[in-house]
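An overview of the molecular structure
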Amino acid sequence: IADSAPALMWMAGLDKRRTYLNSRWLDYTGRTMEQELGDGWVEGVYPEDRDRCLRTYWDAFDRRESFDMEYQLQRADGQYGWIHDSGVPRFFPDGTFAGYLGACIDITARKQAEEQSRQSEAFVTSVLEHLPHMVFVKDARELRFVRFNKAGEELLGRARHELLGKTDYDLFPKSEADFFTMKDRQVLADGSLLDITEETIHAINGPRTLHTKKVPICGVDGMPQYLLGISEDITERKKMEAALRQAHDELERRVI
């Protein structure tokens, strides 16, 4: 039965040493039963995982408790794969402790996917943190901020922990919050990009003029889950444009 099971299975006696490993385990490691019995199986555990793996195993064994752990185990091809190892104490019919029984599944694909996800997240974070414009993300249901980049902190004059989890009504005057919320709901309802060429926002250091673009971020079901916004601070440009218009008007008056 153990040899036909899809999992890598093992048994240990009262001395914590392995007394049996099924054919799946031996096929996975490419080693013989004689090599793996006793403490031989430990040779295949990735060196940096070995102490943690044995400590978890021994501590659970001493307490007669079940355990779950993940570690890297060398495969028959010489590479290391990730396995999830679950062990449970076993007892004789009279209740006497008889050792442990364990089953392992290969989770290498899951671990690789998690690593790729971490790398992707790190890449996205790096890009967002280096953008010169404020980038923010709100959840689609309550319109609470779930992400802000460094430029957003600097523009609003608030630390990130002061912004996350808040709504516009927690941060800005009601008239502004009403406007932002209205535009957010419009974006989520229409499901398309909204370009707001000019809007005013009151930051800690005073009012700023922004050029903002908002777009819904949908889940696999096609429904909006988040709202992404990118705001360019055009305050200085607007001041410069106003100064140029004033200078132009004065020049025209002098000519007339």
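See the structure shown above.
Quick look at the structure, then. (Residues numbered from 1 in each chain as written. Predicted model: local features only at pLDDT ≥ 70, side-chain atom pairs only at ≥ 80, totals over all residues. Heavy atoms only, no water.)

**Re the overall build of the chain**
- Tallying secondary structure elements over the chain gives nine helices and 10 strands in all.
- Taken against the 2.2 N^0.38 rule, which gives 18 Å for 256 residues, the C-alpha radius of gyration of the chain at 31 Å runs more than 25% over that of a compact globule.
- For the chain, the spread of C-alpha atoms along the principal axes amounts to about 110 × 40 × 35 Å.
- For the chain, the residues scored as buried account for 37% of the 256 residues in total.
- Counted over contacts in the chain with a minimum sequence separation of 6, partners at least 24 positions apart contribute 40%.
- Accessible surface, the chain as shown: approximately 15,200 Å² in total, 54% of it carbon and sulfur.
- Here the chain holds 35 positive side-chain charges and 45 negative ones, and the gap between their average locations is 3 Å. (Helix = DSSP H or I, 4+ residues; strand = E, 2+ residues; numbered from the N terminus. Rg over C-alpha atoms; globule rule 2.2 N^0.38 Å. Buried < 20%, exposed > 50% of the residue type's maximum accessible area, 1.4 Å probe, protein only. Contact = heavy atoms within 4.5 Å. Areas by Shrake-Rupley, 256 points an atom, 1.4 Å probe, with all protein chains shown as cover. Lys, Arg positive; Asp, Glu negative; His and termini not counted. Charge placed at Lys NZ, Arg CZ, Asp CG, Glu CD.)

**A short note on the packing of aromatic side chains**
- Evaluation of the coordinates by the stated rule reveals 16 aromatic pairs.
- Measuring from ring centre to ring centre gives 6.0 Å for tryptophan 41 and tyrosine 57, while their planes differ by 90 degrees; the resulting arrangement is edge-to-face. One end of the pair, tryptophan 41, is in the loop between α2 (33–36) and α3 (47–63); the other, tyrosine 57, is in helix α3, and 16 residues separate them in sequence. Grouping residues by exposure puts tryptophan 41 and tyrosine 57 together as buried.
- Residues phenylalanine 91 and phenylalanine 97 carry aromatic rings whose centres are separated by 5.8 Å and whose planes lie at 65 degrees to one another, so their mutual orientation is edge-to-face.
- Ring pairs connect the aromatic residues Trp10, Trp41, Tyr57, Phe61, Phe67, Phe91, Phe97 and Tyr100, which therefore count as one cluster.
- Over the ring of tyrosine 57 we find arginine 18, and its NZ or CZ is 5.3 Å from the ring centre. (Phe/Tyr/Trp six-rings, centres within 6.5 Å; stacked < 30°, edge-to-face > 60°. Lys NZ or Arg CZ within 6 Å of the ring centre and 35° of its normal.)

**Overview of the sheet that holds strand β5 (residues 97–106)**
- On the basis of which strands lie adjacent, the open sheet formed by five strands has the order β2-β1-β5-β4-β3 and antiparallel pairing. Edge strands, defined here as strands with exactly one partner in the open sheet, are β2 (18–21) and β3 (67–74). Looking at each pair of strands side by side, their axes are set apart by 25 degrees on average, direction ignored.
- With three bridges connecting them, strand β1 (residues 8–12) and β2 associate as antiparallel partners. For alanine 12, the partnering residue across the bridge sits in β2 and is arginine 18.
- Running at roughly 150 degrees to β3, α3 makes contact with β1, β2, β3, β4 (80–91) and β5 of the sheet.
- In the packing of helix α4 (residues 108–130) onto the sheet, contacts are made with β3, β4 and β5, and the angle to β4 comes to roughly 125 degrees. (Pairing = 2+ DSSP bridges. Axes fitted to C-alpha atoms, helices over the stretch in contact; angles between N-to-C directions.)

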